[in-house]
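These are the residues of each chain, in order.
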Amino acid sequence: MNNDRFLEKPRYCCWVLNYRCMFRCKTCYIWNINDDKSKETALEQKKQFVRSLRGFVGPDFEFHLSGGEPLLTEGIIELIDFISSEGYKTNLVTNGFLVNDSMARSICASGLETITFSLDGRNASTHDFIRGIDGSYEKIMQAIGYIDKCRKDRKPAISILTIIMERNHKELLDLVEWVNNDERLEMISFQAITQPFCEPMNSDWFFDKKNNFLWPQDPAKAVEIMNKLRELKLKGYKIGNNPNHFIHFREYFKNPHQFLKKIKCNLGDYEFHVDPYGKAFFCCLTEPFGNINSDAIPQIWGGVSTQKIRKDVYNCKNNCHIMVNCFYEDETIVRDK
């Protein structure tokens, strides 16, 4: 393997700012973690981490800020403002529950590039059921209005993120039509349902009585919907996924045990994750390669121990949520329709 690959500069940082959330989602159990807020990276340490990337990453480097619910993070607006002042892009993924008029004005003034609302149904009853909070759908609809009202030059862009699952698959095409026709919205992106976050890893999670209601029960219907979503993307609809991503989704829903990537997982090449306590890692299934509270990422990025962890990532053959959804790269796919 060419060792130069190990020294490719990162382009993304997926930063989980906290493990706290007021929702009780069926697809995520972060809210059930015994979180110790006192151990979270302090604001000044976060800023120092951002400063440490000067001259190391390119101008298109992006921070993907999430949680838990990231708006519960102390100093979140100041952090976004600081990241923006350093010239980097920012995307905030939120459930929208805390976005009132005042919060929207703060967000719009912060320099945030994109705000992404997690919306799992076109019908309020569907979204509220999945999210475990009555009124959560209406809160997102209100939040979109608040952000649109105060933003300038369409910044931040407003996007929707939807998880494809049994409960909402009949509403996906309606969601796409709504986004495509709503001038306030930039796009909608889809992720396929994977094992709920913060559960012990189980390759047969979809057979578990606790989770099988999430998994599409009719593979043929799932394939049909993936084909239609791909067609809409090719027609120019405001869908963020690569059109071939829906082919991967289609194969995944037909056989979730089939490894999706023909080459390898490429997480170690151009992105890394940071958790609320500062640990930096490529994948949740491998050990951290450092900690932003004590290590400078540019200094350890090409280190021997970091390279070893990268090799573990490259050799992984798990269909984890990142493999299925987040860092898809376009590949030539020749499979039966």
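Student: Let's hear about the packing of helix α4 (residues 124–131) against helix α5 (residues 136–150): which residues, and what values?
Tutor: With their axes 7 Å apart at the nearest point, α4 and α5 run at an angle of 110° to one another. Taken together, the axes of α4 and α5 lie roughly perpendicular to each other. Mapping the contact onto sequence places Ala 124, His 127, Asp 128 and Arg 131 in α4 and Ser 136, Tyr 137 and Ile 140 in α5.

Student: Got a sec to walk through the sheet that holds strand β1 (residues 12–16)? Specific residues and values, please.
Tutor: Pairing in this open sheet of nine strands is mixed, and the strands run β6-β5-β4-β3-β2-β1-β7-β8-β9 from one edge to the other. Unpaired on one side and paired on the other, β6 (187–192) and β9 (290–291) mark the two borders of the sheet. Inspection of the sheet shows strand β2 (residues 62–66) paired to strand β3 (residues 89–94) by four bridges, in the parallel sense. Opposite Glu 62, over in β3, you have Lys 89 as the bridge partner. In the packing of helix α8 (residues 245–254) onto the sheet, the strands contacted are β5 (157–164) and β6, and the crossing angle to β6 comes to about 30°.

Student: A description of the packing of aromatic side chains should follow, citing residues and the corresponding values.
Tutor: How two aromatic rings sit relative to each other is given by the distance of their centres and the angle of their planes. Across all of its chains, the model carries 27 aromatic pairs by this definition. Arranged with centres 6.0 Å apart and planes meeting at 90°, the rings of Phe 49 and Phe 63 form a pair that is edge-to-face. Taken together, the positions of Phe 49 in helix α1 (residues 43–52) and Phe 63 in strand β2 put the pair 14 residues apart, joining distant regions of the chain. We note that Phe 49, like Phe 63, is buried. Considering the side-chain rings of Phe 61 and Tyr 88, the 5.8 Å spacing of their centres and the 75° angle between planes classify their relative orientation as edge-to-face. Taken as a pair, Phe 61 in the loop between α1 and β2 and Tyr 88 in the loop between α2 (76–85) and β3 lie far apart in primary sequence, 27 residues in all.

Student: Mind laying out the packing of helix α6 (residues 172–181) against helix α7 (residues 219–234), listing which residues take part and the relevant values?
Tutor: When two helices pack together, their arrangement is captured by the angle between the axes and the distance separating the axes. At a closest axis distance of 10 Å, the pairing of α6 and α7 adopts a crossing angle of 15°. With respect to each other, α6 and α7 are oriented roughly parallel. In the crossing of α6 with α7, the sense of the turn from one axis to the other is right-handed. Of the residues in α7, those in contact with Leu 172, Leu 173 and Val 176 of α6 are Ile 225, Met 226, Lys 228, Leu 229 and Leu 232. Broken down by class, the residue content of the contact of α6 with α7 amounts to seven nonpolar, no polar and one charged.

Calculation rules
Numbers given to residues run from 1 along each chain, matching the order in which its sequence is written. Predicted model: local features are reported for residues with pLDDT of at least 70 only, side-chain atom pairs are reported and counted for 80 or more only, and whole-chain, interface and lining totals are derived from all residues. Just so you know, side-chain values use all the structure's heavy atoms and leave hydrogens and water out. The angle between two axes is taken between their N-to-C directions and runs from 0 to 180 degrees, where each axis is a line fitted to C-alpha atoms and a helix contributes only its stretch in contact. We count a stretch as a helix when DSSP gives it H or I for four or more residues in a row; a strand needs E for two or more, and each element gets its number in order from the N terminus. For this classification, under 35 degrees means roughly parallel, over 145 means roughly antiparallel, 65 to 115 means roughly perpendicular, and everything else is oblique. Only heavy atoms matter for contacts: two residues are in contact if any of them lie within 4.5 Å across the pair. Two strands are said to pair when DSSP picks up at least two bridges between them. Ring geometry is summarised as follows: Phe, Tyr and Trp rings, the Trp one being its six-membered ring, pair when their centres sit within 6.5 Å, and such pairs are stacked at plane angles under 30 degrees, edge-to-face over 60 and tilted between the two. To sort residues, take the accessible area from a 1.4 Å probe on protein chains only and compare it with the maximum for the residue type: under 20% means buried, over 50% means exposed, and anything in between is partly exposed. What makes a crossing left-handed is the near helix being turned counterclockwise from the far one by less than a right angle; a clockwise turn instead makes it right-handed. Three categories are distinguished: nonpolar for Ala, Val, Leu, Ile, Met, Phe, Trp, Tyr, Cys and Pro, charged for Asp, Glu, Lys and Arg, and polar for the others, with Gly belonging to the last.

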